[in-house]
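Geometric and topological summary
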Amino acid sequence: MNSMVNGDGAHEHTEEAESKQDRNGEADGGEESNEQEVIVIQDTGFTVKIQAPGTELFDLQVSPQEMVQEIHQVLMDREDTCHRTCFSLQLDGNVLDNFAELKSIEGVQEGSLLKVVEEPYTVREARIHVRHIRDLLKSLDPSDAYNGVDCNSLSFLSIFTDGDLGDSGERKKKGSELEQIDCTPPEHILPGSKERPLVPLQPQNKDWKPMQCLKVLTMSGWNPPPGNRKMHGDLMYLYIVTVEERHVSVTASTRGFYLNQSTTYTFNPKPANPSFLSHSLVELLSQISPAFKKNFTALQKKRVQRHPFERIATPFQVYSWTAPQVDHAMDCVRAEDAYTSRLGYEEHIPGQTRDWNEELQTTRELSRKNLPERLLRERAIFKVHSDFAAAATRGAMAVIDGNVMAINPGEETRMQMFIWNNIFFSLGFDVRDHYRELGGDAAAHTAPTNDLNGVRAYGAVDVEGLYTLGTVVVDYRGYRVTAQSIIPGILEREQEQSVIYGSIDFGKTVVSHSKYLELLDKTSRPLKVQRHSVLNDKNDIVELCSSVECKGIIGNDGRHYILDLLRTFPPDLNFLPVDGEELPPESQRQGFPRQHRHRLACLRQELIEAFVEHRYLLFMKMAALQLMQQKANKDSNKTDTPSITETSETSTECKNGECKSPLEGKELEESIPGLAQAKELAETLVAEDGSDPKSREVVLNACKAVGSISNTSFDIRFNPDIFSPGVRFPDDSTDDVQKQKQLLKDAAAFLVSCQIPSLVKDCLDHSALPMDGVTLTEALHQRGINIRYLGTVLEFVDKTPAKAQLHTSSRHTSRFGVELSALSAAVSHFLNCFLSSFPDAVAHLPPDELVSRRKSRKRRNRVPGSGDNTAWASLTPSELWKNIASEAQSYYHFTVQCESVDQVVEKYGLQKITLLREISIKTGIQILIKEYNFDSRHKPAFTEEDILNIFPVVKHVNPKASDAFHFFQSGQAKVQQGFLKEGCELINEALNLFNNVYGAMHVEICACLRLLARLNYIMGDHPEALSNQQKAVLMSERVLGIEHPNTIQEYMHLALYCFANGQLSTALKLLYRARYLMLLVCGEDHPEMALLDSNIGLVLHGVMEYDLSLRFLENALTINTKYHGPRSLKVALSHHLVARAYESKAEFRSALQHEKEGYTIYKNQMGEAHEKTKESSEYLKYLTQQAVALQRTMNEIYKNGSNASIMPLKFTAPSMASVLEQLNIINGIIFIPLR
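Residues numbered from 1 in each chain as written. Predicted model: local features only at pLDDT ≥ 70, side-chain atom pairs only at ≥ 80, totals over all residues. Heavy atoms only, no water.

In the nomenclature of an unreviewed UniProt entry, the chain corresponds to Clustered mitochondria protein homolog from the organism Amphiprion ocellaris. The record in UniProt for the chain states the following under Function (unreviewed entry): "mRNA-binding protein involved in proper cytoplasmic distribution of mitochondria. Specifically binds mRNAs of nuclear-encoded mitochondrial proteins in the cytoplasm and regulates transport or translation of these transcripts close to mitochondria, playing a role in mitochondrial biogenesis." As stated in UniProt under Sequence similarities (unreviewed entry), the record for the chain gives "Belongs to the CLU family." (UniProt positions renumbered as here; feature names shortened; annotations may be inferred.)

Right, let's talk about the overall build of the chain for a bit. Of the regular secondary structure elements, the chain holds 44 helices and 25 strands. For the chain, buried positions account for 54% of its 1235 residues. Element-wise, carbon and sulfur atoms account for 53% of the exposed surface of the chain, whose accessible area totals about 55,000 Å². (Helix = DSSP H or I, 4+ residues; strand = E, 2+ residues; numbered from the N terminus. Buried < 20%, exposed > 50% of the residue type's maximum accessible area, 1.4 Å probe, protein only. Areas by Shrake-Rupley, 256 points an atom, 1.4 Å probe, with all protein chains shown as cover.)

Here we come to helix 10 (residues 290-305). Spanning 16 residues, helix 10 covers 23 Å between terminal C-alpha atoms, matching the ideal 22 Å at 1.5 Å per step. What helix 10 keeps buried is the set A291, F292, N295, F296, L299, Q300 and R303. Down the axis of helix 10, the buried side of the element spans an arc of 140°, and every buried residue falls inside it. Those residues of helix 10 that are exposed and angled more than 90 degrees off the buried face are P290, K294 and Q305. (Expected span 1.5 Å × (residues − 1). Arc of directions from axis to C-beta.)

This part covers the packing of helix 36 (residues 1022-1039) against helix 37 (residues 1045-1060). The contact between helix 36 and helix 37 brings their axes to 9 Å, and the two run at 160°. Our classification of the angle between helix 36 and helix 37 gives roughly antiparallel. Crossing angle aside, the handedness with which helix 36 passes helix 37 is left-handed. On helix 37, the residues touching H1022, A1025, L1026, Q1029, Q1030, A1032, V1033, S1036 and E1037 of helix 36 are N1046, T1047, E1050, Y1051, H1053, L1054, Y1057, C1058 and A1060. For the contact of helix 36 with helix 37, the residue count by class is 9 nonpolar, 7 polar and 2 charged. (Axes fitted to C-alpha atoms, helices over the stretch in contact; angles between N-to-C directions. Parallel < 35°, antiparallel > 145°, perpendicular 65-115°, else oblique. Left-handed = near helix turned anticlockwise from the far one by under 90°. Contact = heavy atoms within 4.5 Å. Nonpolar A, V, L, I, M, F, W, Y, C, P; charged D, E, K, R; others polar.)

Let's shift gears to the side chain of E1084. Note on placement: E1084 falls in the loop between helix 38 (1064-1082) and helix 39 (1087-1102). Exposure remark for E1084: the relative accessible area of 16% places this residue in the buried category. For E1084, the contacting residues outside a window of four places in its chain are L190, P191, G192, R196, R1075, L1079, M1089, N1115 and I1119.

Attention now moves to the pattern of salt bridges. When the charged atoms of two side chains with opposite charge come close together, those side chains can pair. A full pass over the atoms with the stated rule returns 57 salt bridges. A salt bridge links R615 to D746, with the nearest nitrogen and oxygen atoms 3.0 Å apart. Placement of R615 in helix 19 (residues 605-632) and of D746 in helix 24 (residues 734-765) is noted, with a sequence separation of 131 residues between them. The same class applies to R615 and to D746, which are both buried. Notably, a salt bridge pairs K912 with D935, separated by 3.0 Å at the nearest N-O pair. Taken together, the residues span a long stretch of sequence, with K912 in helix 32 (residues 912-923) and D935 in the loop between strand 23 (925-928) and strand 24 (947-950) at a distance of 23 residues. Taken together, the shared-partner salt bridges connect R364, R368, R377, D462 and E464 into one network. (Salt bridge = Lys/Arg side-chain N within 4 Å of Asp/Glu carboxyl O.)

Over its 19 residues, helix 40 (residues 1106-1124) runs 26 Å from end to end, which matches the ideal 27 Å to within 8%, given 1.5 Å per residue. All of the buried residues along helix 40 are Y1106, L1108, S1109, L1110, F1112, L1113, N1115, A1116, L1117, I1119, N1120 and Y1123. Looking at the buried side of helix 40, the elements it contacts are helix 38, helix 39, helix 41 (1129-1144) and helix 42 (1148-1166). In the stretch just after helix 40, G1125 is the one whose phi turns positive, near 80°.

For the rest of this paragraph, the subject is the sheet that holds strand 10 (residues 322-323). Picture the strands of a sheet paired through backbone hydrogen bonds; they go either parallel or antiparallel. In spatial order, the strands read 10-23-24; together these 3 strands make up an open sheet with mixed pairing. In this open sheet, the two edge strands, each paired with only one partner strand, are strand 10 and strand 24. (Pairing = 2+ DSSP bridges.)

Geometrically, the link from N223 to P224 is a cis peptide bond, its omega value of -15° lying close to zero. Locating P224 in the fold gives a position in the loop between strand 6 (214-219) and helix 8 (227-231). In this model, F592 is joined to P593 through a cis peptide bond whose omega is -5°. Mapped onto the fold, P593 is located in the loop between helix 18 (585-589) and helix 19.

The subject of this paragraph is the packing of aromatic side chains. Here a ring pair, both rings aromatic, is described through the centre-centre distance and the interplanar angle of the planes. Considering all chains together, one arrives at 28 aromatic pairs under this definition. With centroids separated by 5.9 Å and ring planes inclined at 80°, the aromatic side chains of F316 and F382 adopt a geometry described as edge-to-face. Here the residue F316 occupies a position in the loop between helix 11 (308-311) and strand 10, and F382 occupies one in helix 14 (residues 371-400), the gap between them amounting to 66 residues. With relative accessibility at 16%, the residue F316 sits in the buried group. The structure contains a cluster of three or more aromatic residues connected by ring pairs, namely F316, F382, F968, F994 and Y998. (Phe/Tyr/Trp six-rings, centres within 6.5 Å; stacked < 30°, edge-to-face > 60°.)

Time to look at the environment of V304. Here V304 shows up in helix 10. V304 has contacts with E79 and R311, leaving out every residue within four places of it along the chain.

Let us look at the environment of L776. Position of L776 relative to the elements: it lies in helix 25 (residues 773-782). The buried category is assigned to L776, whose relative accessible area is 7%. Taking the C-alpha atoms as reference points, L776 and I787, 11 residues apart in sequence, are found 9.3 Å from one another.

By the definition in use, this model includes 0 disulfides. Cysteine C1006 remains unbridged, with the sulfur of C1008 as its closest cysteine sulfur at 9.9 Å. (Disulfide = S-S within 2.5 Å.)

With that settled, the discussion passes to the packing of helix 39 against helix 41. Contact geometry of helix 39 with helix 41 gives a least axis separation of 11 Å together with a crossing angle of 25°. By the angle class used here, helix 39 and helix 41 are roughly parallel. Handedness of the helix 39/helix 41 crossing: left-handed. The segment helix 39 lies against helix 41, with S1094, L1098 and H1101 engaging L1137, R1140, A1141 and S1144. For the contact of helix 39 with helix 41, the class distribution of residues is 3 nonpolar, 3 polar and 1 charged.

Here we come to the sheet that holds strand 12 (residues 423-427). An order of 11-12-15-14-25 is seen for the 5 strands of this open sheet, with the pairing classed as antiparallel. Pairing within the sheet leaves two strands with one partner each, and these edge strands are strand 11 (417-420) and strand 25 (953-956). Taken pair by pair, the neighbouring strands of this sheet meet at an average axis angle of 20°, ignoring direction. One ladder, built from 6 bridges, connects strand 14 (residues 471-476) with strand 15 (residues 479-485); its direction is antiparallel. Residue pairing for strand 15: Y476 is matched across the bridge by Y479.

Given below as structure tokens:
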């Protein structure tokens, strides 16, 4: 196998180079070698036999890549061996090395017998054992998920599916007998209900009623063992109370666990009689407590039955903003964790803390020549990053909670810096007036996130030899903390000596270094950063390839580090007024430039990419145009192209969201037929070396017109130092600087005139549908629009139904909430002012004796020093809403003309529960899950008992699995071309690689599973679709959150596949859950709701609940009409669905009326001949016949009374197939004949 890999390496390298040049299209050469590599990875698995003490022999599937350690993990998870932790695996009497791969061990092959051999304990092993037993006892208990520890998070899917969907055949049979289905949803889920309860968000899981195995398991007060007992092998003592109320003291010794004779007050370490010496604590407890034995077995059965995705740890911690009241129980491990800060043995490196910087950098240095190597490297990078993020978060909380000593304790609190666990922490304040010119504290608050974006960008380019710091930004209790890994040696020397590239005083003294220029030059093209010269204070010219703030430091480890990347991307001129500079008219029309609270406003990387892409198309059009002019003026000596050079100054203009370049006038439109060929010509010409003078001129003109920095090829880069205060440029580069200024203005105009209208257009086409603050933020960021543009986006939206406004208001409050952050009293008071209708919210100041203690808590005040610590108590609702309105005005330039929450709710159609969710998520508040009465005028909605916790809000880099991602993209492309089988194979492959890098849980794996499920469904494999989609839902709940908009959509997909599988009642339960969540997240008034209601209506129609079905279908019709306009095809389809429901009720007149509406829309939009119009017209005829027949029968009855001869009417119960067909149509699933 190894030889294969090495042989592969040769042509592998060329593929790597190709795919670097051509990141978008997979390089063709790459495809085949990829296929070949994949085969190498999926080395065939084999089976080994495992023999553990006290259990039968059993078989285990393993793969050659697995480490011996992974078998250990499997055994610790299996029901029959889960109670063992301290053992070795032996083959023919030889102990296997834990960190060896199976393929490297001689003699391990198909059918080998591995023996589990109990090993003697050490203190570390004993602790691990106790911790593992505690984890097993708590495996069904959700409290870790509520408390946001150890990467646990909630999932509720199994409550709605009654356990695993792929389970038993009997349940499926039951599902198809219609009588048993109770279809009526709870009142609050029906259309038009105004109730928005919070409690159903976390339905009661009967499995969580804990089966008590023990009352208490904790460390004994007799620890640590005295010297003479250590000599006897005592490691530590435990104190245990069984369910039967028996109090025992247990010794953990090197040989195992046994009962000793100590009591609470007397120490007697001698073994009790009988002592029940057992290698495992579970065996010991099973002998002394029958209840333990019975319940532990039952608990493990249940644990193993749960879907693995419900219990695997997520890569990054997810916090829940609601939690029930959980009883606080004694828990030895938790108590110990709190005091030892868990540095000792949790990191698996005995006796030392982890050197984060070394780990982060060495993983980057791993080889990446071929696929297996790249996977190994990416997995290592990802693992270290998620560990680092977790450690940094824990450290940041410890710093703010006051549990870490500062390294400069003499200075005032806001200037302090901290080191904990080899991570450096600093607070987001303007220390030493560093940012005075740039906006003081506001700038110091933004700098860390800008820096993080820089780290992310350089990390993604991944240049060998250039290193960035591990960086995590944590917002917690109103502070912003930056956590960074530490460059070796930097703490021992002054900063002035260490910086050999860049500037530490914003451009006065600037130095450069050839090695740094060489390294940064490699990032210049991908990051679009232009190499440029600046003057230092001695007027020397210094060459840089980054902004001046970017500092280069060579660590004691000899690595080249860059830090302070806050200006990696160019400034955003819309928010940076500069004297004497005019912005293009598109920006001015929107009221830019605007004063911003700091001068660090940058354009996002996504915007830069989009802008360059846009310019490239323009460049191609220009070249093509000139070529056509040349063709037209056959006598080539007259090829004047003034039209182009003159227009190069004007920027690209946009009318109603469509971008027109200066010279796209009529000439371009009329010449379209020739344009395509001309473009091809232009492409070949751009690829040439420019030897032909004519083509050289064409390229030169096109380059000038689009602002390219080169005259012979298209190349746009930005100089990040333009408009930086204090940076001066040499005289000979005046032209360049002018060009760069123009580019920046064009980019700012492009954001306003192209990106924002295209976002609004996507929302109107419903190709992008943000449901809450988080998804709105993502939608903006994907298009490179910063959140500070929200006001501008809303101005565009104002001409359309008000959708996004909800999120604005909730964003501000969180900004405001930031200053407040205090204890539960302050938070509950703030929420009352924010949400409660109660007009005079009064804060409960804690009784006197506590005040003095509470005053010592940190709080960020405008005034340095402590100031009055009860200032928050005097806040009133009207004041808070005034603050919110002024914040909205100053930050977003958006006017909120409301003085109270009730006015806001009234004016923008918001829901208080939604606002509560938004602010809790953004500020990390966790509240008690119960029904809050927001509208009571007599008492405030929140008390301090309702605030359970404050969590950190964490931003970090997400390392990517690049190879997997390429497979995923090529799979998607294949599917779009209609090659479903090939697409499916590629996506399966991507799934394997994703799992290889990220482990089992990750957002990208979730997307992968969803697409796979959809493909399975289209290709007719319903059970497989169900199984993949179930995983996608579980994963989305665990990784994104139980009510994240993405989770809601996953629920809808799963319901469709359940219906197709004949599990009707489950499908309905899932749809009702989705509707409940959507009501909570954004209310009924949202275009997605129409799709959801059509789904519910159709399923109800299928189970013959016609009246209920109509309520949902008619609501869908109303919403579709509101958002798509009465003439849209979606509305026509809605009319048709409503007509079918009326037909089933034999109300033909209403049915006809709706179908006619639909018919008219089809006729007007598609024309008479279109199949949709024809279908509709056929259906109309059929309805008319039915109506006439019914009328005839009625007349007959009136005429002849009871002895009338009645023709039986044909009432058709809808067939499942026809309902499924409609479901597929509304969910946009089209069955393509397989190629």
